[in-house]
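# A structural walkthrough
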Amino acid sequence: MRADFAPESLEPGAFYRLLTAVVVPRPIAWVSTLSAGGVANLAPHSFCTVASTDPPVVQFTSVGVKDTLRNVLATGEFVVNFAAEGQFAEVNDTATDFPPGVGEFEAVGIAPEPSATVAPPRVAGSPVAIECGLYDTTAIGDCTVVFGRVRHVAVAEEALDEHGHPQLSRLRPLSRLGGNEWGATTVVHDRRRIRYEDWTGGERTEG
């Protein structure tokens, strides 16, 4: 048996809570921007992913019109900082609805560092920072999907293995779940995709 939910049967807030409770876990785009007046903003957005690999484009969704979206539209640049488990308190604090003239870096006490290719600062303690130029935006209902053309990726050396590849066990990503819940990576399965020529009618080859 299943419980059925139709969008028209619930008010929008209730359906939003349903979607965010079942589409889990969601990676967090900890987005830093600069306002037109030079105020450094930092806010978490949990609707985010890779949109394209060639050209490299990442995306995040602004639910409503907030400082992050205003700043991106005004300046055309932003940084997606990686949110790690150890930064849980700081990430949550930057979700506070500070007024537009208040910068979260200063208000929360988060150290910034200069970016390599864009004006908005990176989070100094974040293990990964993806510097982006605005590629496009798409308005959908009360949301705006922001697409960023990746200009530069900076990864902390301690998060890389001997081959120079980021390791999940060292990144320890923080994720959003339903309600006020946050998630951490606890179990990882490592299995290659099965090529058609290796398919044996249900008897999977290991590796």
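This write-up is about the structure you can find in this document.

Criteria and thresholds
Residues numbered from 1 in each chain as written. Predicted model: local features only at pLDDT ≥ 70, side-chain atom pairs only at ≥ 80, totals over all residues. Heavy atoms only, no water. Pairing = 2+ DSSP bridges. Helix = DSSP H or I, 4+ residues; strand = E, 2+ residues; numbered from the N terminus. Phe/Tyr/Trp six-rings, centres within 6.5 Å; stacked < 30°, edge-to-face > 60°. Buried < 20%, exposed > 50% of the residue type's maximum accessible area, 1.4 Å probe, protein only. Lys, Arg positive; Asp, Glu negative; His and termini not counted. Salt bridge = Lys/Arg side-chain N within 4 Å of Asp/Glu carboxyl O. Contact = heavy atoms within 4.5 Å.

The next point concerns the sheet that holds strand β11 (residues 174-176). Ordered in space as β1-β11-β12, the 3 strands form an open sheet in which the pairing is antiparallel. Only two strands of the sheet have a single neighbouring strand rather than two, namely β1 (26-27) and β12 (182-184). Across 3 bridges, β11 lies against β12 in antiparallel orientation. When the bridges of β12 are listed, leucine 174 appears paired with alanine 184.

A few words now on the packing of aromatic side chains. Tallied over the full model, the rule gives 3 aromatic pairs. Their ring planes at 50 degrees and their centres at 6.4 Å tell us that tyrosine 16 and phenylalanine 47 sit as a pair that is tilted. Of this pair, tyrosine 16 sits in helix α1 (residues 12-22) while phenylalanine 47 sits in the loop between β3 (40-45) and β4 (48-53), placing them 31 residues apart in sequence. On the basis of relative accessible area, phenylalanine 47 is assigned to the partly exposed category, the value being 26%. Between phenylalanine 88 and tryptophan 182 the ring centres are 5.2 Å apart and the planes differ by 85 degrees, which places this aromatic pair in the edge-to-face class. Pair noted here: phenylalanine 88 is in helix α3 (residues 88-93) and tryptophan 182 is in strand β12, with a separation of 94 residues, a long-range link.

For the rest of this paragraph, the subject is the side chain of arginine 176. Within the secondary structure layout, arginine 176 lies in strand β11. Buried charge without a partner: arginine 176 forms no salt bridge, and the closest opposite charge is glutamate 181, 7.2 Å away. In this structure, arginine 176 is in contact with Val24, Pro25, Arg26, Ile28, Ser46, Glu181 and Trp182, ignoring residues within four places of it in sequence.

Taken by themselves, the reported measurements are silent on function.
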